Amino acid sequence: MADTSSRYTDGHEDGQGDGQGDGRGSGRGDGQGSDRTGIRTFPFPVGLSVLGVGMQVGPMESGRGWHPGERIERVHRIDYHVVLLFRGGPVRHMIDFDEYEAGDGDILWIRPGQVHRFSSAADYRGTALLMQPGFLPRATVEATGLYRYDRPPLLHPDPARRTALENSLAQLEREYVDTGTLPLSLHTAVLRHSLTAFLLRLAHLAAGATGPAHEQADSTFVRFREAVEKGFATNHSVSAYADALGYSRRTLVRAVRAATAETPKGFIDKRVILEAKRLLAHTDMPIGRIGAAVGFPDAANFSKFFTQHTGATPVAFRAELR
């Protein structure tokens, strides 16, 4: 097997990530006082993938670099998917204000835009899979629930499912490093099929962990979720999203309720609040700047909105975490 561990990283090879992704992570977010001006975003390291394909898969092992030159304990975000299948443990990993403890055979699924923080790198053992948005076709994205943020990040497969997932991931890794038996176009096609097979198994496990009420997400909701992810910082209007997507408001309400059991307005507000919490907790940005970053030019209106949805003022929320 080719040695991919030295190339296998969350950021650029020189550790100087470019802050691309969602465009809201320009600072370093390291928890060290005055330089906490933003949450740093690491883009998918496409230049470090074997043959430059839109995925990576390889071992988590001592000495491998997640993003060289940066302390992995810093809170940061990524603009791609990471799936970690653990062997050994336990490992504690923070994702969006929740601490998860992953043990042997468990899986962590970190989705684009989520803030997270590693514990000691030496504790991570198993296999890691990175996926660039756009590598898989839309039908596969919908079938596998790639953007189902309502599903839990931590999964506990039973022995039979764990074995099936491990075998599927091992097959994907074999295809990933086999660069000599197929031309690049066919190699990429095989990777997409192998990745889809693994993700379908993973999605079935994740859907079961969520419960039957949330198992289906049609293309209407997927398009709405993508639009909200791109526009929540400036657009909080359900009607505006419906018009832009070409749906009636009623159609949008049905689709969002079926996928998340909440209203479109509730979904938008929840995303805005999550981003505000991230910035309050992991940066030292002034309250007014945070409000502006999530679509509230007036700081008083932002404070009122935040308090209505969380029961605490932005100042109190930040103080409670420090």
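Each remark here, short or long, concerns the structure printed above.
Let me sum up the structure you'll find in this document. (Residues numbered from 1 in each chain as written. Predicted model: local features only at pLDDT ≥ 70, side-chain atom pairs only at ≥ 80, totals over all residues. Heavy atoms only, no water.)

Before going further, it helps to examine the overall build of the protein. Across its full length, the protein carries ten helices and ten strands. Counting over 322 residues, the protein shows a buried share of 53%. Taking the contacts inside the protein whose residues are at least 6 apart along the sequence as the reference set, 75% of them involve residues at least 24 apart. Carbon and sulfur atoms make up 52% of the accessible area of the protein, which totals about 13900 Å². (Helix = DSSP H or I, 4+ residues; strand = E, 2+ residues; numbered from the N terminus. Buried < 20%, exposed > 50% of the residue type's maximum accessible area, 1.4 Å probe, protein only. Contact = heavy atoms within 4.5 Å. Areas by Shrake-Rupley, 256 points an atom, 1.4 Å probe, with all protein chains shown as cover.)

Burial of strand 9 (residues 126-131) is extensive: six of the six residues sit out of reach of the surface. In this structure, strand 2 (residues 55-60) lies alongside strand 9, joined through six bridges in antiparallel fashion. Considered in strand 9, the bridge of Pro-59 is made with Thr-127. Summarising the sheet, strand 4 (residues 81-86) and strand 9 pair through six bridges and their orientation is antiparallel. Bridge pairing in strand 9 places His-81 opposite Met-131. (Pairing = 2+ DSSP bridges.)

It is worth spelling out the pairing of strand 5 (residues 91-95) at this point. Within strand 5, four of the five residues are buried, which leaves it mostly tucked inside the rest of the structure. Relative to strand 6 (residues 98-102), strand 5 is paired through five bridges, and the arrangement is antiparallel. Paired with His-93 across the bridge in strand 6 is Tyr-100. A loop of two residues connects strand 5 with strand 6, the two strands running antiparallel in sequence, and Asp-96 in this loop sits at a positive phi of about 45°. In the sheet, strand 5 pairs with strand 8 (residues 115-117) via two bridges, with the strands oriented antiparallel. The residue of strand 8 that forms the bridge with Met-94 is Arg-117.

Below, the discussion takes up the sheet that holds strand 5. With mixed pairing, the five strands of this open sheet are ordered in space as 1-3-8-5-6. Of all strands in the sheet, those with a lone pairing partner are strand 1 (41-42) and strand 6, marking the two edges.

We now examine the pattern of salt bridges. Between side chains of opposite charge, a pair can form when the charged atoms approach closely. Counted according to the given criterion, the structure contains 13 salt bridges. One salt bridge connects Glu-275 with Arg-77, and the closest N-O pair in it is separated by 2.8 Å. Here Arg-77 lies in strand 3 (residues 76-78) and Glu-275 lies in helix 7 (residues 264-282), a separation of 198 residues in the sequence. Judged by its relative accessible area of 0%, Arg-77 falls in the buried class. A salt bridge links Arg-138 to Glu-226; its shortest N-O distance comes to 3.4 Å. Taken together, the residues span a long stretch of sequence, with Arg-138 in helix 1 (residues 138-144) and Glu-226 in helix 4 (residues 219-231) at a distance of 88 residues. (Salt bridge = Lys/Arg side-chain N within 4 Å of Asp/Glu carboxyl O.)

What follows concerns helix 4. An ideal rise of 1.5 Å per residue puts 18 Å on 13 residues; helix 4 measures up with 18 Å between its terminal C-alpha atoms. Those residues of helix 4 that fall on the buried side of the exposure criterion are Thr-220, Phe-221, Val-222, Phe-224, Arg-225, Glu-226, Val-228, Glu-229 and Gly-231. (Expected span 1.5 Å × (residues − 1).)

Of all hydrophobic cores here, the largest spans 33 residues; its most connected members are Phe-224 and Phe-302. With seven residues, the single largest contributor to this core is helix 7. With near-sequence residues (within four places) excluded, Phe-302 lies in contact with Ala-276, Ile-287, Ile-290, Gly-291, Val-294, Phe-296 and Pro-314. Counting residues in each nonpolar core, the second largest holds 27 residues, with Val-57, Met-131, Leu-155 and Leu-165 among its members. (Core = buried A, V, L, I, M, F, W, Y, C linked by side-chain atoms within 4.5 Å.)

What follows concerns the side chain of Arg-318. Tracing the sequence through the fold places Arg-318 in helix 10 (residues 314-320). The buried charged residue Arg-318 lacks any salt bridge partner; its closest oppositely charged side chain belongs to Asp-284, at an N-O distance of 5.2 Å. A polar contact of 3.0 Å, which involves the side chain of Arg-318, links it to the backbone oxygen of Met-285. Contacts of Arg-318, omitting those with residues within four sequence positions, involve Leu-279, Leu-280, Thr-283, Asp-284, Met-285, Ile-287 and Ile-290. (Lys, Arg positive; Asp, Glu negative; His and termini not counted. Polar contact = N/O pair within 3.5 Å; in protein donor to acceptor, adjacent residues only side chain to side chain.)

With twelve residues, helix 9 (residues 299-310) ought to run about 16 Å at 1.5 Å a step, and its terminal C-alpha atoms sit 16 Å apart, in line with that. Taken residue by residue, helix 9 has Phe-302, Phe-305 and Phe-306 as its buried positions. Along the axis of helix 9, the buried positions cluster into a sector of 95°, meaning they face one direction only. Turned more than 90 degrees off the buried face of helix 9, the exposed positions are Ala-300, Lys-304 and Gln-308. Elements that come into contact with the buried residues of helix 9 comprise helix 7, helix 8 (287-293) and helix 10. Two or three places before Ala-300, at the start of helix 9, stands the capping residue Asp-298, its side-chain oxygen 3.1 Å from that residue's backbone nitrogen. (Arc of directions from axis to C-beta.)

Interpretation in functional terms is not warranted from these geometric data alone.
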